[in-house]
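Inside the fold
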Amino acid sequence: MWNWRLPALLRAPRQLRGSTSRPLWPPGCGPSRAQHGAPGTLPCAWQLHRDHLELRYANTLMRLDFVWLRDHCRSASCYNSKTNQRSLDTASVDLGIKPQAVRVDETTLFLTWPDGHVTRYGLEWLVKNSYEGQKQQVMHPRILWNADIYQQAQIPSVDCRSFLETNEGLKEFLQNFLLYGIAFVENVTPTKEDTEVLAERISLIRETIYGRMWYFTSDFSRGDTAYTKLALDRHTDTTYFQEPCGIQVFHCLKHEGTGGRTLLVDGFYAAEQVLQKAPDQFELLSKVPLKHEYVENVGGCHNHMIGVGPVLNVYPWNNELYLIRYNNYDRAVINTVPHDVVRRWYTAHRTLTTELRRPENELWVKLKPGKALFIDNWRVLHGREAFTGYRQLCGCYLTRDDVLNTARLLGLQA
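A quick note: this is a predicted structure, and the numbers were derived from the prediction, not measured. Residue numbers restart at each chain and count upward from 1, following the sequence in its written direction. Two thresholds apply to this predicted model, a pLDDT of at least 70 for residue-level local features and 80 or more for giving and counting side-chain atom pairs, whereas whole-chain, interface and lining totals are computed over all residues. The basis for every side-chain value is the complete set of non-hydrogen atoms in the structure, without hydrogens or water.

**Structural notes on the side chain of His 140**
Selection rule: We count a stretch as a helix when DSSP gives it H or I for four or more residues in a row; a strand needs E for two or more, and each element gets its number in order from the N terminus. The buried label goes to any residue with under 20% of its type's maximum accessible area, the exposed label to any with over 50%, and the partly exposed label to all in between, with areas taken from a 1.4 Å probe on protein chains only. What qualifies as a polar contact is a pair of N or O atoms within 3.5 Å, subject to a donor-acceptor requirement within protein and to the restriction that residues adjacent in sequence count only when both atoms come from side chains. In this analysis, two residues are considered to be in contact whenever any of their non-hydrogen atoms come within 4.5 Å of each other.
Relative to the helices and strands, His 140 resides in the loop between helix H3 (131–135) and helix H4 (147–153). Relative accessible area serves as the criterion here: at 14%, His 140 is assigned to the buried category. A distance of 3.2 Å separates polar atoms of two side chains, one belonging to His 140 and the other to Tyr 315. Ignoring sequence-local partners within four residues, the contact set of His 140 consists of Tyr 315, Glu 320, Leu 404 and Ala 414.

Okay, structure coming up:
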């Protein structure tokens, strides 16, 4: 049975107000009481069980463990609101703890614990922060695209001066980047130094085995196919890192020749097609771990990197995709998959590859001096067509956390 609470502040039955002379509730659930208040607000119903509270509010049925309810208390003695850090020692909470009294008004849940401590939770806060609430929410809002969708959206580039000097320009850029996984800045002075200033506007630069800011030509100065004039198939970078780089910046400083267009493909759009057409294959790609490897012995560069993870990475509570790790050049020997799974994995990988290679999903962009491109390397695959002549790019990797931090400080959901 459920205890219903409408907006008026309602008094709980005596045995729920802290009396210890008899059990608070019979085994399994609490007593039932139906009461009504003023109409026009969201109804709230609750029921006590042996180890948790069931609470229905805003069309969400939440199951809140008593230990969880005590651990997340936001009172001054349990949580430091100035630093936004918890003060309560989680290991000190009795795993068998139960509230002595429960009360709900139109906005708040009140719990009184055996030691007399009172915990208060806003009902809206619980909907947002409960497991059931999180299942209904998207961590990172985005617009999935193929070439036609992106071109029809007519996403404007942001002017360099507006990007560097105004929060409005920066926010517009970041909103486009978060939604589509790519964004452009125009009128950038075509030098490595100016590109560095641009990158530092939104993030710390992530120094890697390739350095901090790098020049990129076809001189085969590194042991990587990218340092040639050959075409490159779609891929994400640094799959051989345990944490692949989050954002990549490209700026073409000079090209005296033909070809060399940049290919962009929304990996999340392709993965969504797999999810709709073959959900079992999507699940397999999200669970089978693979190794990616980078071995380099060129000049003074000696590196051996190994990164492990599935092709598709999802949040387990809502199945939301947050990272695609796709690079056929750098995939290592498949020795982490048993024989009875290998063929099914190859089939699933072929299905995803087919979606990634559909011509309608390919967005081709000609990079030119003054136009900088930012790519979400956890989402958007890039490649290029073969080229002739001298072509020089500069760029860097950015720390994903700092880009998202900048976006949140500007009021964006990231």
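**Remarks on the nonpolar core**
The condition is simple: Each nonpolar core is a collection of buried residues, namely Ala, Val, Leu, Ile, Met, Phe, Trp, Tyr and Cys, held together in the definition by side-chain atoms within 4.5 Å.
Among the nonpolar cores identified, the biggest contains 28 residues, and Phe 163, Phe 173, Leu 174, Ile 202, Phe 374 and Leu 398 are the most heavily contacted of them. Broken down by secondary-structure element, the contributors of at least two residues to this core are helix H5 (160–165), helix H6 (167–180), strand E11 (182–186), helix H7 (192–200), strand E15 (247–256), strand E22 (372–376), strand E24 (390–398) and helix H11 (400–409). With 5 residues, H6 is the largest single contributor of residues to this core. Every residue in contact with Phe 163, bar those within four places of it in the chain, is listed here: Val 158, Gly 169, Leu 170, Phe 173, Val 185, Leu 198, Arg 201, Ile 202 and Phe 374. Leu 48, Val 93, Tyr 121 and Leu 126 belong to the second largest nonpolar core, which has 25 residues in total.

**A closer look at the sheet that holds strand E16 (residues 262–266)**
Heads up, the condition is: Any two strands between which DSSP finds at least two bridges are classified as paired. Geometry is summarised by axes, namely lines fitted to C-alpha atoms with helices restricted to the contacting stretch, and by angles between N-to-C directions that run from 0 to 180 degrees.
What the 4 strands build is an open sheet, ordered E14-E23-E16-E21; its pairing is antiparallel. In this open sheet, the two edge strands, each paired with only one partner strand, are strand E14 (232–235) and strand E21 (363–365). This sheet shows a mean twist of 20° between the axes of neighbouring strands, independent of strand direction. Bridging between E16 and strand E23 (residues 380–384) involves 5 bridges; their strand directions are antiparallel. Paired with Leu 263 across the strands is Gly 383, a residue of E23. On the sheet, helix H8 (residues 267–277) packs against E16 and E23 and is oriented at approximately 40° with respect to E16.

**Quick notes on the packing of aromatic side chains**
Think of a pair of aromatic rings as described by two things: how far the centres are apart, and how the planes are tilted against each other in angle. Worth spelling out the cut-off: By convention, a stacked pair of Phe, Tyr or Trp rings (six-membered ring in the case of Trp) has centres within 6.5 Å and planes under 30 degrees apart, an edge-to-face pair has planes over 60 apart, and any other such pair is tilted.
Under the criterion given, the structure shown has 18 aromatic pairs. Measuring from centroid to centroid gives 4.6 Å for Tyr 315 and Tyr 322, while their planes differ by 20°, and the two rings are stacked. Since its relative accessible area comes to 15%, Tyr 315 is described here as buried. Taking the relative accessible area as the measure of exposure, Tyr 322 reaches 22% and is therefore partly exposed. Aromatic rings pair up to connect Phe 163, Phe 173, Phe 177 and Phe 374 into one cluster.

The values are spatial; any link to function lies outside them.
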